[in-house]
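Take a look at the letters that make up each chain.
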Amino acid sequence: MSSFSNPHFMYLFALKNGKKKLAYGESPEDALEILRIRLSEEEMSEILTDQFIKINQRELQQYVNDLG
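**Here we look at the nonpolar core**
One broad rule of soluble globular proteins: the nonpolar side chains tend to lie buried together. Counting ten residues, the largest nonpolar core is built from Y11, F13, L15, A23, A31, L32, L35, L39, M44 and I47. If we skip the residues at most four places from it in the chain, I47 touches F13, A14, L15, K21, L32, L35 and L39. Of all hydrophobic cores here, the second largest spans five residues; its members include M10, I55, L60 and Y63.

Listed below in structure tokens is the structure:
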């Protein structure tokens, strides 16, 4: 079964430094699990896991300057 049989979304999680981290997954929790695979413990500790917004791919350009 393809991983894309379930809808996936983009999430922007707030970072302690005021920037945002882009993640992708079925849910915010899934997106964080995917980030855990990619990032170090130090990088993960910078993410404010309870502060996120769900965005569409079309909206991504609006947030490019906020990414960190």
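**Concerning the pattern of salt bridges**
One pass over the structure, following the stated rule, counts one salt bridge. Here R36 makes a salt bridge to E33, at a shortest N to O gap of 3.8 Å. Remark: E33 and R36 occur in helix α1 (residues 28–38); sequence separation between them is three residues, near one turn of the helix. Judged by relative accessible area, R36 falls into the partly exposed class, the value being 43%. The partly exposed category is assigned to E33, whose relative accessible area is 44%.

**Re the environment of K16**
Considering the arrangement of structural elements, one finds K16 in the loop between β1 (9–15) and β2 (20–25). Between the C-alpha atoms of K16 and S45, which are 29 residues apart in sequence, the distance is 8.8 Å. If we ignore the near neighbours within four places in the chain, the residues touching K16 are S45, E46 and L48.

Rules behind the numbers
- Residues numbered from 1 in each chain as written.
- Predicted model: local features only at pLDDT ≥ 70, side-chain atom pairs only at ≥ 80, totals over all residues.
- Heavy atoms only, no water.
- Core = buried A, V, L, I, M, F, W, Y, C linked by side-chain atoms within 4.5 Å.
- Buried < 20%, exposed > 50% of the residue type's maximum accessible area, 1.4 Å probe, protein only.
- Contact = heavy atoms within 4.5 Å.
- Salt bridge = Lys/Arg side-chain N within 4 Å of Asp/Glu carboxyl O.
- Helix = DSSP H or I, 4+ residues; strand = E, 2+ residues; numbered from the N terminus.

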